[in-house]
Amino acid sequence: MLSDLIHRNIRWSDARNAEDPGYFSRLAAQQTPEFFWIGCSDSRVPANVVAGLDPGEVFVHRNVANVVHSADMNLLSALEFAVEALKVREIIVCGHYGCGGVRAATEDMPHGLADHWLEPIRRLARAYAVDLARCKTAEERRDCLAELNVVEGVRRVSETPIIQKAWARRADIRVHGLIYGLKDGRLRNLDCSTGPGHFEGRAAE
Ligand SMILES: [Zn+2]
């Protein structure tokens with residue numbers, strides 16, 4: 001299995017090099033991605049592939065169910081690097097329909113450590129219980145919860161000191177919420193974008 005993977009890599013790098021001989025040396029010199037992507041670890045939602053982007057075009061952080069924990073040092077370190085060093089302009093929180101993590105958060109059974117990780121989604125499910133109850137099927141309810149999780153993620157990213165500090169110096173950084181459909185391969189905009197106008201200190205200026 002591993003040797004198959006190595007051979008695939010050799011075929012890919014050879015093909016890429018033949019197409020564009022300066023490709024790897026250019027990428028090795030520097031990365032200048034415009035996007036920072038916070039997505040789910042699900043193998044069916046690779047950021048570059050579903051967004052049609054090449055290596056070097058998107059800086060990526062993924063975790064189970066694309067949860068934005070306000071004290072997640074892994075995510076915050078990547079976010080800070082993306083904003084301060086890479087100067088990305090567009091931050092995308094991307095969830096997906098049919099998410100196993102969201103499903104686990106709705107189940108009444110233990111999942112070990114994942115239950116701690118998924119607690120924010122359980123909390124959302126409790127907060128929006130009345131709205132979610134209007135969904136006709138359990139699948140629809142889970143997909144609606146996946147959307148809520150993205151909107152919450154956008155809000156939490158926007159409220160981090162990293163983004164608040166960037167907006168305070170008028171950096172034109174936008175945070176967007178998208179959701180990906182496994183069944184049709186389409187990304188949908190959840191229209192919950194935030195930008196410099198969301199700097200909370202602005203009202204006090
Ligand atoms: Zn998922």
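The protein carries the name Carbonic anhydrase in an unreviewed UniProt entry, which gives Halovulum dunhuangense as its organism. Regarding the protein, the relevant UniProt record gives this comment under Catalytic activity (unreviewed entry): "hydrogencarbonate + H(+) = CO2 + H2O".

Engineer: So what's going on with the pairing of strand E1 (residues 35–40)? Residues and values would help.
Structural biologist: The side chains of a regular strand alternate, first on one face of the sheet and then on the other. With five of its six residues buried, E1 lies for the most part within the structure. Of the strand pairs in this sheet, E1 and strand E2 (residues 58–63) are connected by six bridges, and their pairing is parallel. Looking across to E2, one finds that Phe35 is bridged to Val58. For E1 and strand E3 (residues 90–96), the ladder comprises five bridges, and the chain directions are parallel. Residue pairing across strands places Gly39 opposite Cys94, the latter belonging to E3.

Engineer: So what's going on with the side chain of Asp42? Which residues, and what values?
Structural biologist: Inspection of the secondary structure puts Asp42 in the loop between E1 and helix H3 (47–50). Assessed through its relative accessible area of 14%, Asp42 is described here as buried. Apart from the residues lying within four places of it in its own chain, the contact partners of Asp42 are Arg62 and His96.

Engineer: Let's hear about the pattern of salt bridges: which residues, and what values?
Structural biologist: Summed over all chains, the structure comprises 16 salt bridges. Across the salt bridge formed by Arg134 and Asp131, the nearest N and O atoms sit 3.3 Å from each other. The shortest N-O distance in the salt bridge between Arg155 and Glu152 comes to 2.8 Å. Here Arg155 and its partner Glu152 are both found in helix H9 (residues 138–159), three residues apart, which amounts to about one turn of the helix. Classification of Glu152 as buried rests on a relative accessible area of 17%. Each member of the salt-bridge network shares a partner with another, and the members are Glu152, Arg155, Arg156 and Glu159.

Engineer: How would you summarise the side chain of Thr160 if you had to cite specific residues and measurements?
Structural biologist: Considering the arrangement of structural elements, one finds Thr160 in the loop between H9 and helix H10 (161–168). Residue classification places Thr160 among the buried residues on the basis of a relative accessible area of 5%. Beyond its immediate chain neighbours, meaning those up to four positions away, Thr160 contacts Leu76 and Leu79.

Engineer: Tell me about the packing of aromatic side chains, and name the residues and values.
Structural biologist: The full count for this structure, using the stated rule, is four aromatic pairs. Ring geometry for Phe36 and Phe59: centres 5.7 Å apart, planes at 40 degrees, overall tilted. On the criterion of sequence distance, the pair formed by Phe36 in strand E1 and Phe59 in strand E2 is long-range, its members being 23 residues apart. Judged by centre distance (5.7 Å) and plane angle (45 degrees), the rings of Phe59 and Phe81 are tilted. Pair noted here: Phe59 is in strand E2 and Phe81 is in helix H4 (residues 73–85), with a separation of 22 residues, a long-range link. Here the aromatic cluster, defined as three or more aromatic residues joined through ring pairs, consists of Trp12, Tyr23 and Phe24. Taking NZ or CZ as reference, Arg16 lies 4.2 Å from the ring centre of Tyr23, over its face.

Parameters and conventions
- Residues numbered from 1 in each chain as written.
- Predicted model: local features only at pLDDT ≥ 70, side-chain atom pairs only at ≥ 80, totals over all residues.
- Heavy atoms only, no water.
- UniProt positions renumbered as here; feature names shortened; annotations may be inferred.
- Buried < 20%, exposed > 50% of the residue type's maximum accessible area, 1.4 Å probe, protein only.
- Helix = DSSP H or I, 4+ residues; strand = E, 2+ residues; numbered from the N terminus.
- Pairing = 2+ DSSP bridges.
- Contact = heavy atoms within 4.5 Å.
- Salt bridge = Lys/Arg side-chain N within 4 Å of Asp/Glu carboxyl O.
- Phe/Tyr/Trp six-rings, centres within 6.5 Å; stacked < 30°, edge-to-face > 60°.
- Lys NZ or Arg CZ within 6 Å of the ring centre and 35° of its normal.

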